[in-house]
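If you want the building blocks of each chain, they are given just below.
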Amino acid sequence: MTRVLHVFKAYLPESTGGIEQTIFQLCEACKPLGVESEVLTLSPDPATSPVQVGSHQVFQARQDLNLASTGLSREIFGRFRKLAADVDIVHYHFPWPLMDLMHFHAGHGKPSVLSYHSDIVRQKTLLRLYRPLMHRFLRSVDQIVTASPNYLATSDVLARYAHKTEIIPYGLDKDEACANIDPERLAYWQQQFPDGFFLFVGVMRYYKGLHILLDACRNTSFPVVIVGAGPLEDTLRQQAERLRLHNVHFLGPLPDREKNALLQLSRVVVFPSHLRSEAFGISLLEGAMFGKPMISSEIGTGTTYINIHGQTGIVIPPSDPAALRSAMNELWHNRALARQMGEAAAQRYETHFTAERMGQRFHSMYQRLDRSISDCGAQPRACS
């Protein structure tokens, strides 16, 4: 049995973003392979005992402050040192600058994996201050993983560490998703939208491009369903009212049982993210898993590794409402093309993006690191 400690600033059940979902899928997929996973994270109101999520335990440290999307905590240093001492491998999830300090403070000497989820895009001033620590941290870990060849090819940071970066795409469990559908809500939404709809699922953040989607919906009649909440929700609702978009429906955040029902009923998944902060796109991958054609933007990240233009959907230039409207019109009116692309999306999911495949590849990596460190002796840096 291999014991792995995952470290990230936020996690289930309190936070449900794409990285959190990826960590969950990884922990669950590795369990049948003999990997016992734990997660260390922050919470403003931490539980006093471990929280059970799926088949793994989550340890929460108190968050004292959140600055520039970076959770800060004094308590977590001691918690991390103790937990890291009892596992075989530490798996970091980047970016989280506090994690770099925890790593050096603990000096745990265990094999280390770092999932590089995204460049730091928005906080450019703070990045200048953080950059020396960041590169020291990236140099120190044993293995870096990114989710797509697209991201490795376009990240200036990863280019410096290509020699120790492996590509392992994110994966999702289709059986779990299909079993987790509310049949009553499925019937309800089918009645509301009998001819189907475009679907967006995600947090309403600055890089999601929802303002572009709303602009693209002007002078159209096809229904567009938006699932999620976030800091831009009020602004986006006001934009929709101003543009009199009666065909756009904001449903707010929904549980997975209802979200999956909407994914199954949708005609097309639309994903207008227009900035590199969108490093992969778990919601886009969910669309592929459910066999839906997709519309996304070319931003040099994993979104175009999921959605292949002309094969699984349509890829448009970023921040181009006219191009988005044209793509939506094409897939709405050409049902044969949409069906063909949806079938190709489902096939690509099966060959590249299953949770089982992701778990097997990480399990192989964990075993390889564990053996290499054991062969070198107790300290991982001894054979560097």
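Everything discussed here concerns the structure shown above.
Let me sum up the structure you'll find in this document. (Residues numbered from 1 in each chain as written. Predicted model: local features only at pLDDT ≥ 70, side-chain atom pairs only at ≥ 80, totals over all residues. Heavy atoms only, no water.)

1. Concerning the nonpolar core
Then, in step 1: If you look at the biggest cluster of nonpolar residues, it comprises 34 residues, and the most contacted ones within it are Val-7, Ile-76, Phe-80, Tyr-92, Met-102, Leu-114 and Tyr-116.
Then, in step 2: Discounting residues that sit within four places of it in the chain, Tyr-116 has contacts with Phe-94, Leu-138, Ile-144, Val-145, Thr-146, Tyr-151, Ser-155, Val-157 and Leu-158.
Then, in step 3: Leu-263, Phe-290, Tyr-305 and Ala-345 belong to the second-largest nonpolar core, a separate cluster that totals 32 residues. (Core = buried A, V, L, I, M, F, W, Y, C linked by side-chain atoms within 4.5 Å. Buried < 20%, exposed > 50% of the residue type's maximum accessible area, 1.4 Å probe, protein only. Contact = heavy atoms within 4.5 Å.)

2. A look at the pattern of salt bridges
Then, in step 1: Within the structure shown, the criterion is met by 14 salt bridges.
Then, in step 2: Lys-31 is the partner of Glu-36 in a salt bridge, and the nearest nitrogen-oxygen pair spans 2.6 Å.
Then, in step 3: A salt bridge links Arg-79 to Glu-75; the nearest nitrogen and oxygen atoms lie 3.1 Å apart. In this pair, Arg-79 and Glu-75 both sit in helix α2 (residues 75-85), 4 residues apart, roughly one turn of the helix.
Then, in step 4: In the salt-bridge network here, residues are joined through shared partners; they are Glu-166, Arg-361 and Arg-368. (Salt bridge = Lys/Arg side-chain N within 4 Å of Asp/Glu carboxyl O. Helix = DSSP H or I, 4+ residues; strand = E, 2+ residues; numbered from the N terminus.)

3. Let's talk about helix α11 (residues 256-265)
Then, in step 1: Of all the 10 residues making up α11, 7 are buried; the element is thus mostly covered by neighbouring parts of the structure.
Then, in step 2: Taken residue by residue, α11 has Glu-258, Lys-259, Asn-260, Ala-261, Leu-262, Leu-263 and Leu-265 as its buried positions.

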